[in-house]
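# A structural walkthrough
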Amino acid sequence: MNMHAITQQKLRTGVVKLCTGRMLDNNNAHEMIEAITNAQHSEYKFIMIDMSILEFISSAGVGAILGTVGLVRESGGDIILYNVSITIMHILRVLDLEEYFTIKENEKEALAYCGTAETPA
Amino acid sequence: MSLSLTTDQAITDRRLLALDALSALSSQFSRDPDFGRLISAFILTISGQCAAADCFIVVHQPGDTGDATLSFATGRFTNLETARYLREFALKGGTLHKEQGLIAVNDLAAYETLTDVYVEIESRGVSIVAPLLCDEQLIGLIGIGKRVDGRQYNADDIALLRTSLNTISPLIANAYLFLEIVNLNKWYLQIIDHIKQGVFVLDASGIVRKVNRRGTDIMAALAPNMVNSGTLIGLSLECLFPEKLFPNWRQKILEAGNIPGGKILESMIAKGPLQDKIFNVRIGKIEHELSSHAETVISLDDITKSKASEQRLFELEKLAEKGAMASSISHELNNFLAMILGGVEITEIMIKKGEHGRAGNALDRLKNNIMQMERFTTGLMDYARLETRKQSTDLNHLISDILSFITVQKRFAKIDTVIQLAPDLPQIEIDSDQIAQLIINTLNNAADAIAETGRPAGRIVITTGRESDHILLTITDNGCGMTPDVKDRLFKQRLTTKEKGHGYGLMTCGKIIANHGAAFDIDSTVGSGTTFCFRIPMA
């Protein structure tokens, strides 16, 4: 399997899941931006990124999510990272992004967050 | 907010992460030279490192401070209007940043000239602007938005940013240079793709490294299987020019490749599936400053069509010559017939008048006219019936025989004939009758040329000699000589400068020379004389 492949799956109305490959770096950072932008244009408010098999993320990969999350949030949605490994979490922590990004333990929690976030206050 | 992790270890991790990512970017660029992608990846790296969602880079070619800039952005800076302000800011503030380096946007308020754009970019969320410098040349600006955690940039962030910028600036400059080389290479390849010759570049070991479009087309026409089975790149010289399709090409190309300055092999024949093709093949070397291994450039110029036109023209000329010859022969014969008819009529009148003496004179003139006509028709037959039967002949002996009977003729009576024959001349394969005719015609012309000067005596020198695998025969006279125009047309077409000549004698000589594969040189000066030099191959 291509270690840089990014796949997409609709979970429910307004929610889409993107699965990373084993690597998210300068080779596929643009694809990630494109996937997020396309999802946003396709009326998906919540973009869940499954990082269960992600082994390496470079700062270009981080920048790809960072550069798009603001725009997603501005339109009332969010990007949710889940199944994040300890190694990847360490990098996010080093960059002081652990609390900036919405990070959930697993898909169930991520989906629950989407439901909660959608509920009007 | 987790600020507790900005420890020494965390800072080191961040720098390593940044350098790893930048290093990976530059190595990827060398494999896939996409400049836009490289700069975009730089932005992603910087934004990732600084934890800033918004980032932009405005770059221009090193040495170019004009408007030829490229801009790239992430996050909110992708807004077109924001991008326009950032570009304007980069143009206005470039010099300042070259001097001041990295500046917090808050501090820009102090610079009056930048007030307008400062207000704009500050309101659009730019926090830090920094120059991209390479060898102290400004190649662009980078702008970074606020940190996503809301925290101010601290000294560690600034140090990391400086490290990253110091790394990416030369990478951008090198990428530009690399891109320029790639574009230049593409440009040259496009040029050679548009020339009408097929061009093949072979490396020092004789392997094809480059072929232009015309080269591929030529091979596709001559050897479709070769092209259909894949690219021509990587083929050896032997496979590119197989002996069956390109007889003797490989050997000649190899020999020509060793000649300094290259060589043109003219009219090389390639055996095509439908028709043979004729090429002028140029072989040259490309020397490299950095390598002792020279490449070979082979260019094929298809001259099949021009050769066919040439042949057609030649045939038309021959046809026209035949037509002109027939017309000329009719004209000459009519002249003779008119003279003979006139002579018969005069004779008839004289006889009727009983003037037998005058009738006898008229009959003499009639006889002369008929003999002249006979000479003319004999000349024609000589020209038409030249069949070559070569046999081993002693040329010196042949010349001696000819001179023994020709010099007693009246036209040679006052001519001093000198013979200088090489003693060790080998026997040669010639048609002795034809060569004898060539010598006699040349000697007769020499005698006539001497007579034309009006001098009481003349001199003809006949020499033989050997040059490589040819026998040289020279006949020199001190006659009237000939003009360059006459000299150029000699042997090629019916030509005479003599009052009573018909021109077929020289045409016959031309045919004899051609029949023997011989060559000739003429050295002539009007008023001084002429030297004919014939080079006759020994076999």
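This section reports on the structure supplied with the text. Quantities reported herein were computed from a predicted structural model and do not represent experimental measurements. (Residues numbered from 1 in each chain as written. Chains lettered and ligands numbered in written order. Predicted model: local features only at pLDDT ≥ 70, side-chain atom pairs only at ≥ 80, totals over all residues. Heavy atoms only, no water.)

### Some details on the overall build of chain B
- Scanning chain B for helices and strands turns up 15 helices and 17 strands.
- In chain B, which comprises 539 residues, the proportion classed as buried is 42%.
- Contacts spanning at least 24 positions in sequence make up 61% of the contacts within chain B whose residues lie at least 6 apart.
- When the accessible surface of chain B is totalled, it reaches about 28900 Å², and 53% of it is carbon and sulfur. (Helix = DSSP H or I, 4+ residues; strand = E, 2+ residues; numbered from the N terminus. Buried < 20%, exposed > 50% of the residue type's maximum accessible area, 1.4 Å probe, protein only. Contact = heavy atoms within 4.5 Å. Areas by Shrake-Rupley, 256 points an atom, 1.4 Å probe, with all protein chains shown as cover.)

### Remarks on helix α4 (residues 115-123) of chain B
Residues and elements named next belong to chain B.
- Three or more residues of α4 are buried, namely Val117, Tyr118 and Ile121. The buried residues of α4 occupy an angular sector of 105° when projected down its axis, which confines them to one face. Of the exposed residues in α4, those oriented more than 90 degrees away from the buried face are Asp116 and Ser123.
- Remark: Gly125 follows α4 within two positions and exhibits a positive phi of approximately 95°. (Arc of directions from axis to C-beta.)

### Considering the pattern of salt bridges
Residues and elements named next belong to chain B.
- What the rule picks out here adds up to 19 salt bridges over all chains.
- For Glu467, the salt bridge is made with Arg535, and the minimal N-O distance between the two is 3.2 Å. Of this pair, Glu467 sits in strand β14 (residues 458-467) while Arg535 sits in strand β17 (residues 529-537); the two residues are 68 residues apart in sequence, bridging distant segments of the chain. (Salt bridge = Lys/Arg side-chain N within 4 Å of Asp/Glu carboxyl O.)

### Here's the deal with empty space enclosed by the protein
- With the rule as written, the count across this model stands at three cavities of 30 Å³ or more.
- Approximately 60 Å³ is the volume attributed to the largest cavity.
- Lining the largest cavity are Asn26 of chain A together with Leu25, Gln28, Phe29, Asp32, Asp34, Arg37, Leu38 and Ala41 of chain B.
- Contributions of two or more residues to the lining of the largest cavity are made by α1 (8-31) and α2 (35-50) of chain B.
- Across the lining of the largest cavity, the residue classes tally to four nonpolar, two polar and three charged. (1 Å grid on protein atoms, 1.4 Å probe; cavity = no way out; pocket = protein on both sides within 12 Å on 5 of 7 lines; lining within 4 Å. Points joined across faces, edges and corners; volume = space filled by probe spheres on them. Nonpolar A, V, L, I, M, F, W, Y, C, P; charged D, E, K, R; others polar.)

### A few points about the side chain of Asp78 of chain A
All names here are of chain A.
- Within the secondary structure, Asp78 sits in strand β6 (residues 78-82).
- Exposure remark for Asp78: the relative accessible area of 4% places this residue in the buried category.
- Setting aside residues no more than four positions away along its own chain, Asp78 makes contact with Lys45, Phe46, Ile47, Val69, Val72, Arg73, Thr102 and Tyr113.

### What to know about the environment of Ala110 of chain A
Residue and element names in this part refer to chain A.
- Inspection of the secondary structure puts Ala110 in helix α4 (residues 107-118).
- Looking at Ala110, the relative accessible area reads 0%, which means it is buried.
- In sequence terms Ala110 and Tyr82 are 28 residues apart; their C-alpha atoms lie 6.8 Å from each other.
- Excluding residues within four positions of it along the chain, Ala110 makes contact with Met48, Ile80, Tyr82 and Lys104.

### Overview of a nonpolar patch on the surface
- On the surface, a cluster of nonpolar side chains totalling about 480 Å² of accessible area is made up of Leu184, Trp187, Tyr188, Ile191 and Ile195 of chain B.
- Inspection of the secondary structure puts Ile191 of chain B in helix α5 (residues 155-193). (Patch = residues over 30% accessible without salt bridge, like charges linked within 9 Å, V, L, I, M, F, W, Y side chains within 5 Å.)

### Here's the deal with the pairing of strand β6 (residues 198-202) of chain B
All names here are of chain B.
- Judged by how many residues are buried, β6 sits mostly within the fold: five of five residues are covered.
- Burial of the side chains of β6 extends over both faces: Gly198, Phe200 and Leu202 are buried on one face and Val199 and Val201 on the other.
- One ladder, built from three bridges, connects β6 with strand β7 (residues 208-211); its direction is antiparallel. Considered in β7, the bridge of Leu202 is made with Val208.
- Linkage of β6 to β7, two consecutive antiparallel strands, is achieved through a turn of five residues, within which Gly206 is found at a positive phi near 80°. (Pairing = 2+ DSSP bridges.)

### Overview of the interface of chain A and chain B
- On the side of chain B, 32 residues touch chain A, which itself brings 27 residues to the contact.
- In this assembly, chain A packs against chain B so that about 2300 Å² is buried in total across both faces, 60% of it on carbon and sulfur atoms.
- Looking only at chain A, the three residues that lose the most surface to chain B are Asn26, Ser59 and Asp96 of chain A, adding up to 26% of its buried area.
- Applying the counting rule to chain A against chain B returns one salt bridge. (Buried area = accessible area lost by both parts, 1.4 Å probe.)

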